[in-house]
Amino acid sequence: MDTSLRQIIKKTISISDSDLDFMVSLFNPLSLKKGDYFLEIGKRCDQVAFIKTGMLRIFYPNAKGEETTCYFSLPDEFVTSFSSFTTQSLSTENIQAILPSELFTIRKQDLETLYQKIPAAQEFGRLAAENLAIIMEKRISLFLNNSADERYQFLLKNNSILIQTVPLQYLASYLGMSPQHLSRLRRGV
């Protein structure tokens, strides 16, 4: 099993080596090519993925077929559709690899077994969910309290890997601006 997943778990919670071995044994490798979907709208999400390498994009299409990117998931992060995964409802979002990606996935049933057998795993799951809630809260605040130009500057300062890696149309959507406006910002116009 991948050492980065083990390191994230050990850094987050106190867990015995045998419990850690059991925990990571429930994760399965999954390779996605650029453009492959981890989850599509209208399907049930029954797994959580840890991203070893690559990048995934969470996005929603509107009635006109335009896509709004709400988040990029990076290496050493977990990704899922929390509402679909938790309630087993059909997903209202897409999760797609925008780079070739290596993931480790755990199915909902295995995660529930893990939570029953290893209480520390529940703490890990809670902390991961809390971290995601904090990230989303900060993202909402950034959108409500800053202009598109300020959001771009924030991203440039705090997560420039996205600016260097993500295609322009996805990044513009994520920042809430047109691709033309983002192009002008990038050129310093």
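Attention in this report is confined to the structure presented alongside it. (Residues numbered from 1 in each chain as written. Predicted model: local features only at pLDDT ≥ 70, side-chain atom pairs only at ≥ 80, totals over all residues. Heavy atoms only, no water.)

1. Concerning the packing of aromatic side chains
And step 1. For the structure shown, the criterion picks out four aromatic pairs.
And step 2. Arranged with centres 6.4 Å apart and planes meeting at 45°, the rings of Tyr37 and Phe59 form a pair that is tilted. You can see Tyr37 sitting in strand 2 (residues 37-39) and its partner Phe59 sitting in strand 4 (residues 56-61), a full 22 residues away along the chain.
And step 3. Tyr37 sits in the partly exposed class, given a relative accessible area of 32%.
And step 4. Joined through ring pairs, the aromatic side chains of Phe50, Phe78 and Phe124 make up one cluster.
And step 5. Sitting above the plane of the Phe59 ring, Arg57 keeps its charged end 3.6 Å from the centroid.
And step 6. In this structure, Arg139 packs its charged tip against the face of Tyr174, placed 3.8 Å from the ring centre. (Phe/Tyr/Trp six-rings, centres within 6.5 Å; stacked < 30°, edge-to-face > 60°. Helix = DSSP H or I, 4+ residues; strand = E, 2+ residues; numbered from the N terminus. Buried < 20%, exposed > 50% of the residue type's maximum accessible area, 1.4 Å probe, protein only. Lys NZ or Arg CZ within 6 Å of the ring centre and 35° of its normal.)

2. A closer look at the pairing of strand 7 (residues 94-97)
And step 1. With burial as the criterion, each face of strand 7 is covered, one bearing Asn94 and Gln96 and the other bearing Ile95 and Ala97.
And step 2. Relative to strand 7, strand 2 runs antiparallel, the two being bridged by two bridges. Across the sheet, Tyr37 pairs through a bridge with Gln96, a residue of strand 7.
And step 3. Sheet topology note: the strand 4/strand 7 ladder contains four bridges and is antiparallel. Bridge pairing in strand 7 links Ile58 to Ile95. (Pairing = 2+ DSSP bridges.)

3. Regarding the sheet that holds strand 2
And step 1. With antiparallel pairing, the four strands of this open sheet are ordered in space as 2-7-4-5. Each having just a single partner strand, strand 2 and strand 5 (67-73) make up the two edges of the open sheet. The sheet shows a mean angle of 30° between the axes of neighbouring strands, taken without regard to direction. (Axes fitted to C-alpha atoms, helices over the stretch in contact; angles between N-to-C directions.)

4. Notes on helix 2 (residues 17-25)
And step 1. Turning to helix 2, its buried residues number three or more, namely Leu20, Met23 and Val24. The buried residues of helix 2 occupy one face: seen down the axis, they fall within an arc of 90°. (Arc of directions from axis to C-beta.)

Fair warning: the whole summary comes from geometry, so function is off the table for now.
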